[in-house]
Amino acid sequence: MSQNQKWASVTSIICHISQIPSSFVSTIHCIVIFQFRFCFTSKNQLNFLGNLAAPQKTKQKLLSYVVNCDCVSLKLQTKTSTIKNSLVYIIIMVWFKNLIQNPLIKSSSKSLLKTKPQPTTTTNFSLFSLSHFYYYATDAASSSSSAAAAASVNQYSGLGPIGPGEKPRVVVLGTGWAGCRLMKGVDTSLYDVVCVSPRNHMVFTPLLASTCVGTLEFRSVAEPIGRIQPAISKEPGSYFFLAKCTGVDADNHVVQCETVTDGLNTLDPWKFKISYDKLVIALGAEALTFGIHGVTENAIFLREVYHAQEIRRKLLLNLMLSDVPGISKEERCRLLHCVVVGGGPTGVEFSGELSDFIMKDVHQRYAHVKDYIHVTLIEANEILSSFDDRLRRYATKQLLKSSLLCSFSQSGVRLVRGIVKDVEPQKLILNDGTEVPYGLLVWSTGVGPSPFVKSLELPKSPGGRIGVDEWLQVPSVQDVFAIGDCSGYVESTGKPVLPALAQVAERQGKYMAGLLNRIGKAGGGYANSAKDIELGDPFVYKHLGSMATVGRFKALVDLRQSKEAKGLSMAGFVSWFIWRSAYLTRVISWRNRFYVAVNWATTFVFGRDISRI
């Protein structure tokens, strides 16, 4: 939007104030003219007036001010004799100053220029940027008027329904595999994209375990949302909001949100609403604790970058504390005992990375405590249960290989079959009463739907996920879709719930982008306009196989479509090379591929980074 068009839009908003007492209007008009005269060259002033969405009398009045008045006469023509008019002058000038100087308010004002005025209100300001108007008015007005102003801000803050001629709005909840793949593939010439998530990046989870021990840097596995979909950073109708969704009103096509402040006491969460034409819920899942006492308080999960950072800091802290003079042998053993609960791909890969870190880096750089550090992997059943039996046996042998060659204290990994009954700050208790002291506890026992997903008044699939049909659309609800780990087929489809895997979520996101593009091209992008549109082929998932590394340059590759099917499965160094090559090509951007390749090469030559930052 040009400067000319922007000021015309701003003046159009100011003209809405004509509904308040007439004594205010001349002051506001004069302030607009003041800004107008100093922000435009003379040759652009007539274009400004042509773009102005105001009555013809107002345009003539503005033009007469420009032609016949200088700054002094403008002040004389304003009715600023009363305290009210002076206050309005100050309020509007502060708002204009913030509008010009503050990029955040500029961006917010763009979105609110698109908000339809509410016919039931007496003041048509559903504007983020006008919150300054209310705050400054609160300081000068009485307590009753301040309460009314605050109520007005809370009621109308947010992105309202789109206006005539604007692109339909797709709201995406979540920045996981499914949501990011959808945003990458959606046609931004057909839709405005609004993303709401507590994090502003996507995490490449298959390589997250490598960041815990310094094999990779954290930025190598994080991709900013603005790089995945540049329109969010550039297009006037597309936004990213660092917030969490607190409710969905499917009948009115509105989602309620609340900003994320990371626990800062100096910031109060800001609640707002977003109207949508199409809503895609891609909220993912959260780690399962099975209701075991103490897990949330004492264990660290491995699903986010901050989890990996916490694990790395805790591990290095324990290494350094264990070398302090005077510490007992029992306490040293506890600090250096790393326990991993869960024998799935994440738990096994983290155990393998940790074992490599111990044998290659700890033994060289922490020689005083190298004989005390070790890893215990606890699993209730078989590790890597989704893999071929032969590959599971190979993984078990590989994890225990160093303990067969030397003493247990030097090895790294011990496998324990058991069920965790209770978790205390320094030890966990198994179902047979065995107590396992630990210094670091990593919990990786699978995922399930979050409490928020369970609380949504939407159809559910077996297990509590959001129910979807074959086209990933929520049945009995218009314009709402669900993809990724938070969704599952309803029972009426006759299809089983798909596993919570990254490849499932990514392919659902790709399918959903194509479906929305097809709907948009057919004219069904707006709310309640896609009822009679043919959706095309339903979503079909074909498993591409599974891979996992077990450390020591060894990995497993299982390309079977299911446990019962036949197909290629292999293990060893070649599988490790395939594992690294596949994930290097699957990293989202060339920037991160470069980071990953450089980190791998640096680690191979110089060892892992053990700095505690």
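For the protein, the name recorded in an unreviewed UniProt entry is NADH:ubiquinone reductase (non-electrogenic), with Xanthoceras sorbifolium as its organism. Heading Cofactor (unreviewed entry) of the UniProt record for the protein holds this comment: "FAD".

A. Molecular detail of the packing of helix H22 (residues 573–586) against helix H23 (residues 590–606). Two numbers describe how H22 lies on H23: the axes approach to 8 Å, and their chain directions differ by 150 degrees. Handedness of the crossing formed by H22 with H23: right-handed. Of the residues in H23, those in contact with Arg580, Leu584 and Thr585 of H22 are Arg593, Val596, Ala597 and Trp600. Residues that form the contact of H22 with H23 fall into these classes: four nonpolar, one polar and two charged.

B. Broad picture of the nonpolar core. Core analysis: the biggest nonpolar cluster contains 116 residues, and Leu207, Ile274 and Ile281 have the highest contact counts within it. Setting aside its immediate chain neighbours within four residues, isoleucine 281 contacts Leu173, Leu456, Leu458, Ile466, Val480, Phe481, Ala482, Ile483 and Cys486. Within the second largest apolar cluster, 16 residues are counted, among which are Val339, Val341, Val420 and Leu430.

C. Summary view of the packing of aromatic side chains. This structure, assessed with the given rule, holds eight aromatic pairs. Summarising the aromatic geometry, the rings of tryptophan 579 and tyrosine 583 are spaced 5.5 Å apart at their centres and angled 80 degrees between planes, so their arrangement reads as edge-to-face. Taken together, the residues span about one helical turn, with tryptophan 579 and tyrosine 583 both in helix H22 at a distance of four residues. There is no split in this pair, since tryptophan 579 and tyrosine 583 are both buried. Among the aromatic side chains, those forming a connected cluster through ring pairs are Trp177, Phe204, Trp579 and Tyr583. Sitting over the ring of tyrosine 595, arginine 219 keeps its end group 4.3 Å from the ring centre.

D. Here's a closer look at the sheet that holds strand E17 (residues 435–437). With antiparallel pairing, the three strands of this open sheet are ordered in space as E15-E16-E17. This sheet does not close on itself; its edge strands, each paired only once, are strand E15 (420–423) and E17. On average, each strand axis in the sheet is inclined to that of its neighbour by 25 degrees, with strand direction left out of account. In the sheet, E15 pairs with strand E16 (residues 427–430) via three bridges, with the strands oriented antiparallel. Within the sheet, the bridge partner assigned to valine 420 lies in E16 and is leucine 430.

E. Representation of unusual backbone geometry in the model. Positive phi, normally seen in glycine, also occurs at histidine 253, with a value near 55 degrees. By the element assignment, histidine 253 lies in the loop between strand E6 (239–249) and strand E7 (254–259). For asparagine 528, which is not glycine, the phi dihedral falls at a positive 60 degrees.

F. Local environment of the state of the cysteines. For the structure on display, the rule yields zero disulfides. Here cysteine 245 stays free of any disulfide, with the sulfur of cysteine 257 as its closest cysteine sulfur at 5.1 Å. Under the relative-accessibility criterion, cysteine 245 is labelled buried at 11%.

G. Structural view of helix H15 (residues 305–321). Taking 1.5 Å per residue, 17 residues should reach 24 Å; H15 reaches 24 Å between its end C-alpha atoms and fits that length. Here H15 has its buried residues at Val305, His307, Ala308, Ile311, Arg312, Leu315, Leu316, Asn318 and Leu319. An end-on view of H15 places all buried positions within 165 degrees of arc, on one side of the element.

H. Region of the structure containing the pairing of strand E24 (residues 554–558). E24 sits mainly inside the fold: four of its five residues count as buried. Here five bridges tie strand E23 (residues 546–551) to E24, and the two strands are oriented antiparallel to one another. Opposite alanine 548, over in E24, you have leucine 556 as the bridge partner. Counting the residues in the hairpin turn of E23 and E24 gives two residues, including arginine 552, whose phi is positive at 55 degrees. Bridge count for E24 against strand E25 (residues 569–572) is four bridges, and the pairing is antiparallel.

I. Up close: the packing of helix H10 (residues 177–185) against helix H21 (residues 502–521). Running from amino to carboxyl end, H10 crosses H21 at an angle of 35 degrees, the nearest separation of the two axes being 7 Å. The crossing of H10 and H21 is right-handed. Between H10 and H21, the contacting residues are Trp177, Ala178, Arg181, Leu182 and Gly185 on the first element and Ala502, Ala505, Glu506, Gly509, Lys510, Met512, Ala513, Leu516 and Asn517 on the second. Taken together, the residues of the contact of H10 with H21 sort by class into eight nonpolar, three polar and three charged.

J. Broad picture of H21. When the terminal C-alpha atoms of H21 are compared, their 29 Å separation across 20 residues agrees well with the 28 Å that a helix rising 1.5 Å per residue should span. Of all 20 residues in H21, 14 are buried, a share of seventy percent or more. Phi for glycine 523, located one or two positions after H21, is positive at around 85 degrees.

What counts, and at which threshold
Per chain, the residues get numbers from 1 upward, laid out in the order the sequence is written. Given that the model is predicted, a residue must reach a pLDDT of at least 70 before its local features are reported, and side-chain atom pairs must reach 80 or more before they are shown or counted; all residues, however, enter totals for whole chains, interfaces and linings. The side-chain quantities take in all heavy atoms of the structure and omit both hydrogens and water. UniProt positions are given in the numbering used here, feature names are shortened, and annotations may be inferred rather than shown by experiment. Convention adopted: a line fitted to C-alpha atoms gives each axis, helices being fitted over their contacting stretch, and angles between N-to-C directions are expressed from 0 to 180 degrees. Helix and strand labels come from DSSP, where a helix needs a run of H or I of at least four residues and a strand needs a run of E of at least two; each type is numbered from the N terminus. Each crossing gets its handedness from the near helix: less than a right angle anticlockwise from the far helix is left-handed, clockwise is right-handed. Contacts are residue-level and defined by heavy atoms, with any inter-residue pair within 4.5 Å sufficient. All amino acids are sorted into three groups, where Ala, Val, Leu, Ile, Met, Phe, Trp, Tyr, Cys and Pro are nonpolar, Asp, Glu, Lys and Arg are charged, and the leftover types, Gly among them, are polar. To qualify as a nonpolar core, a set must consist of buried Ala, Val, Leu, Ile, Met, Phe, Trp, Tyr and Cys residues joined through side-chain atoms within 4.5 Å. Exposure categories follow from relative accessible area, calculated using a 1.4 Å probe and restricted to protein chains: below 20% of the type maximum is buried, above 50% is exposed, and the middle band is partly exposed. Aromatic contacts are taken between Phe, Tyr and Trp rings whose centres are within 6.5 Å, Trp giving its six-membered ring; a plane angle under 30 degrees counts as stacked, one over 60 as edge-to-face, and the others as tilted. Two limits define a charge over a ring: the Lys NZ or Arg CZ must be within 6 Å of the ring centre, and within 35 degrees of the ring normal. Strand pairing is defined by DSSP finding a minimum of two bridges between the two strands. Here, two cysteine sulfur atoms that lie within 2.5 Å of each other are counted as a disulfide. Every helix has an expected span of 1.5 Å times one less than the residues it contains. The directions from the helix axis to the C-beta atoms are what the arc is built from.

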